[in-house]
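Take a look at the letters that make up each chain.
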Amino acid sequence: MSHTQALCRFLADLAYAQLPEPVLARTEDLYLDWLASALASQGAHPIPLFERYAQKMGPSSGPAQVIVTGGSSSAYFAALVNGASSHLVEQDDLHNSSVLHPATVVFPAALAAAQDLGKSGRDLLLASVAGYEAGIRIGEFMGRSHYRIFHTTATVGTLAAAVAVGKLLDFNEEQFINLLGSAGTQAAGLWEFLRDAADSKQLHTAKAAADGLLAAYLTADGLTGARNILEGDQGLAAGMSKDAEPSKLSADLGRRWALLETSFKFHASCRHTHPAADALLEVMQREGLGAADIAHVETRVHQGAIDVLGRVTVPTSVHQAKFSMGTVLGLIAVHGKAGLTEFHQWALSDPAVSAFRDNVSMALDAEVDGAYPQRWLGRVLVSTVDGRSLHGAIDEPKGDPGNTLSRAELADKFQRLTQFSGARSPAQAHALIDKVWNLRNAASMAHWL
């Protein structure tokens, strides 16, 4: 049996009764966090473009809800818009060792299909776990080399979304094999957009969610796909990786719940900036420093951070600023936070932030690079105006599994994100939070929002 076959057999056999309570609770937490990210993008460019496209090309209403508009459409177009909207504000989750943002591709596809198929909250949770477990393992299988050129959430995300919908359709092992073939042949997404402050990142997740759903629905109707799309000579790894490890596809299935390893985002920026941001905060709080006391910050980073963040020198949009190490650290130093409000008010317009940005550098660190991607270490060397050299070190950034957000902190984040966009009042947000943490008891996901 190949590793792909073993993975597909696990997915076909997975049942709700097998899910441990911590996995179910964590999935509800991840769903809440995803929903907050989607609602936070309401009205923000480029999400209305996706909304208008769905309105033009799809039905005027349908069984699946479009989160940011409160309207509805077909499952395909709801997944498309919801996939785009939940990846804009850079607050959605990340799994470290796969470098995959699972929520923004799994939940849009799973929710749209669950509403279309009349499934329950338990069905949605089971399907989401399947999507996370498959997506994370496929991301790990693809290796570090894949991420240097390809946006893993776009490529692998297509397969993760497809698996979630396939589980809602109750696929057997053979159907999952065909499903991966049809999803994998659509996998795409390149990092080049970062240089131009382009909007492609939202297109990536929109297409991953929608195309994963497309592959599942066509598979259910009899479409066949490549049987060895992951490990084959002309498959995903052959074309998109130099260091793929097939054993990662099937390692510890049913024993290791990879979903539990997913991190929540604390800062509203690319996750590669978080370790250094937390390390700088640690130094400033420990030494009682202000931004004016700091002459230079050298961040010690892994190669993946240089590959992604090194493309941005002087950001020209708020979204691009979230991929600028200097801007993120400038907001931390000058304003004490790098949240949505700080980015929109100060990232591009505050001279103090810009000045600080120009005094931040990145350097490859052997320890940090050796730990990545399993662990994202934060290391900084802070040079002060009065001539001191101060070291900061964080081994688990805020939001990592060992330093996670509590349910109270997740509820606070939900309130902050929904109030930022005006998508929900505090009372409405509170009611929605309670509803999410009762997701397993929802008899039907239809009209759930």
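Residues numbered from 1 in each chain as written. Predicted model: local features only at pLDDT ≥ 70, side-chain atom pairs only at ≥ 80, totals over all residues. Heavy atoms only, no water.

Asker: A description of the side chain of His272 should follow, citing residues and the corresponding values.
Answerer: Structurally, His272 can be placed in the loop between strand 4 (262-263) and helix 11 (274-287). One polar contact links His272 to Tyr147, side chain to side chain, over a distance of 2.9 Å. Not counting residues up to four positions away in its chain, the partners in contact with His272 are Val99, Tyr147, His302, Gly304, Ala305, Val308, Leu309, Met325, Tyr372 and Trp376. (Helix = DSSP H or I, 4+ residues; strand = E, 2+ residues; numbered from the N terminus. Polar contact = N/O pair within 3.5 Å; in protein donor to acceptor, adjacent residues only side chain to side chain. Contact = heavy atoms within 4.5 Å.)

Asker: Explain the packing of aromatic side chains to me, using residue names and the numbers behind them.
Answerer: Counted according to the given criterion, the structure contains 12 aromatic pairs. Judged by centre distance (5.6 Å) and plane angle (80°), the rings of Tyr31 and Trp448 are edge-to-face. Here Tyr31, found in helix 2 (residues 21-40), pairs with Trp448, found in the segment after helix 19 (426-436); they are 417 residues apart in sequence, far enough to count as distant. Seen from the ring of Phe343, Lys322 lies directly overhead, with NZ or CZ sitting 5.3 Å from the centre. The residue whose ring lies beneath Lys435 is Trp448, and the NZ or CZ to ring-centre distance is 5.2 Å. (Phe/Tyr/Trp six-rings, centres within 6.5 Å; stacked < 30°, edge-to-face > 60°. Lys NZ or Arg CZ within 6 Å of the ring centre and 35° of its normal.)

Asker: Which residues make up the UniProt feature "domain: MmgE/PrpD N-terminal" (unreviewed entry) in the chain, and what values go with them?
Answerer: Under the UniProt annotation, "domain: MmgE/PrpD N-terminal" (unreviewed entry) lies at residues 5-247. For residues 5-247, the helix share is 62%, the strand share is 2%, and the end-to-end C-alpha distance is 12 Å. (UniProt positions renumbered as here; feature names shortened; annotations may be inferred.)

Asker: Explain the UniProt feature "domain: MmgE/PrpD C-terminal" (unreviewed entry) in the chain to me, and be specific about the residues and the numbers.
Answerer: Those residues carrying the UniProt feature "domain: MmgE/PrpD C-terminal" (unreviewed entry) are residues 267-439 in this numbering. Annotation note: span residues 267-439, helix share 47%, strand share 15%, distance between end C-alpha atoms 27 Å.

Asker: I'd love a proper account of the packing of helix 2 against helix 18 (residues 407-421), names of residues and values included.
Answerer: Across the interface, helix 2 lies against helix 18 with an axial gap of 8 Å and an inter-helix angle of 15°. Here helix 18 runs roughly parallel to helix 2, going by the angle between their axes. Considering only the axes of helix 2 and helix 18, their crossing is left-handed. Residue-level inspection shows Ala25, Glu28, Asp29, Leu32, Asp33, Leu35, Ala36, Ser37, Leu39 and Ala40 of helix 2 in contact with helix 18, the latter providing Arg407, Leu410, Lys413, Phe414, Leu417, Thr418, Phe420 and Ser421. Considering only residue class, the contact of helix 2 with helix 18 consists of 10 nonpolar, three polar and five charged. (Axes fitted to C-alpha atoms, helices over the stretch in contact; angles between N-to-C directions. Parallel < 35°, antiparallel > 145°, perpendicular 65-115°, else oblique. Left-handed = near helix turned anticlockwise from the far one by under 90°. Nonpolar A, V, L, I, M, F, W, Y, C, P; charged D, E, K, R; others polar.)

Asker: How would you sum up the sheet that holds strand 7 (residues 378-384)? Please name residues and give values.
Answerer: Strand order across the open sheet formed by four strands is 6-5-7-8, with mixed pairing between neighbours. Strands at the two margins of the open sheet, each flanked by one partner only, are strand 6 (360-364) and strand 8 (389-394). Across the sheet, the axes of successive neighbouring strands diverge by a mean angle of 20°, strand direction being ignored. Sheet strands in contact with helix 11 are strand 5 (294-301), strand 7 and strand 8, and its direction is about 125° off that of strand 8. (Pairing = 2+ DSSP bridges.)

Asker: Outline the packing of helix 18 against helix 19, listing residues and values.
Answerer: Two elements in contact, helix 18 and helix 19, have axes whose closest approach is 10 Å; the angle formed by their N-to-C orientations is 135°. One way to sum up the angle between helix 18 and helix 19 is to call them oblique. As helix 18 packs across helix 19, the resulting crossing turns out to be right-handed. On the side of helix 18, the interface is formed by Ala411, Phe414, Gln415, Thr418 and Gln419, while helix 19 contributes Pro426, Ala429, His430, Leu432 and Ile433. For the contact of helix 18 with helix 19, the residue count by class is six nonpolar, four polar and no charged.

Asker: Describe the nonpolar core, with residues and values.
Answerer: Of all hydrophobic cores here, the largest spans 152 residues; its most connected members are Tyr31, Ile138, Leu280 and Leu329. The dominant element in this core, judged by the number of residues it contributes, is helix 6 (residues 121-149), at 13 residues. For Leu329, the residues in contact, after removing those within four places along its chain, are Ala276, Ala277, Leu280, Val297, Thr299, Phe356 and Val360. (Core = buried A, V, L, I, M, F, W, Y, C linked by side-chain atoms within 4.5 Å. Buried < 20%, exposed > 50% of the residue type's maximum accessible area, 1.4 Å probe, protein only.)

Asker: An account of the pairing of strand 7 is needed here, citing residue identities and associated values.
Answerer: Counting buried positions along strand 7 gives six out of seven residues, so the element sits mostly inside the fold. Inspection of the sheet shows strand 5 paired to strand 7 by six bridges, in the antiparallel sense. Following the sheet pairing, Ile294 is matched in strand 7 by Thr384. Remark: four residues form the turn of the hairpin made by strand 7 and strand 8, two consecutive strands paired antiparallel; Gly387 in that turn has positive phi of roughly 95°.

Asker: Talk me through helix 9 (residues 200-220); I want residue IDs and the actual numbers.
Answerer: An ideal rise of 1.5 Å per residue puts 30 Å on 21 residues; helix 9 measures up with 30 Å between its terminal C-alpha atoms. One or two steps after helix 9, the chain reaches Gly222, where phi turns positive at roughly 115°. (Expected span 1.5 Å × (residues − 1).)

Asker: Give a description of the side chain of His151 that names residues and reports values.
Answerer: Among the structural elements, His151 can be located in the loop between helix 6 and helix 7 (152-168). What makes His151 buried here is its relative accessible area of 1%. Among residues more than four places away in sequence, those in contact with His151 are His87, Gly189, Trp191, Lys201 and His204.

Asker: Could you give an account of the pattern of salt bridges, with specific residues and numbers?
Answerer: Going through the model one piece at a time under the given rule, you end up with 28 salt bridges. The salt bridge partner of Asp211 is Lys207, with a shortest N-O separation of 3.3 Å. Here the residue Asp211 and the residue Lys207 both occupy positions in helix 9, the gap between them amounting to four residues, near one helical turn. Assessed through its relative accessible area of 35%, Lys207 is described here as partly exposed. Here Asp412 ties to Arg416 by a salt bridge, and the two come within 3.0 Å at their closest N and O atoms. One end of the pair, Asp412, and the other, Arg416, are both in helix 18, four residues apart, so they sit about a helical turn from each other. (Salt bridge = Lys/Arg side-chain N within 4 Å of Asp/Glu carboxyl O.)

Asker: How would you explain unusual backbone geometry if you had to name every residue and give the values?
Answerer: That bond from His45 to Pro46 is cis: its omega, 5°, falls within 30 degrees of zero. Within the secondary structure, Pro46 sits in the loop between helix 2 and helix 3 (47-57). Of note, the amide linkage connecting Tyr372 to Pro373 takes the cis form, showing an omega dihedral of 5°. Along the chain, Pro373 falls in the loop between helix 17 (366-371) and strand 7. With phi around 50°, Val99 is a residue other than glycine that occupies positive phi space. Structurally, the position occupied by Val99 is in the loop between strand 3 (94-95) and helix 5 (103-117). For Asp252, which is not glycine, the phi torsion reads 60° and is therefore positive. What makes Asp252 partly exposed here is its relative accessible area of 37%.

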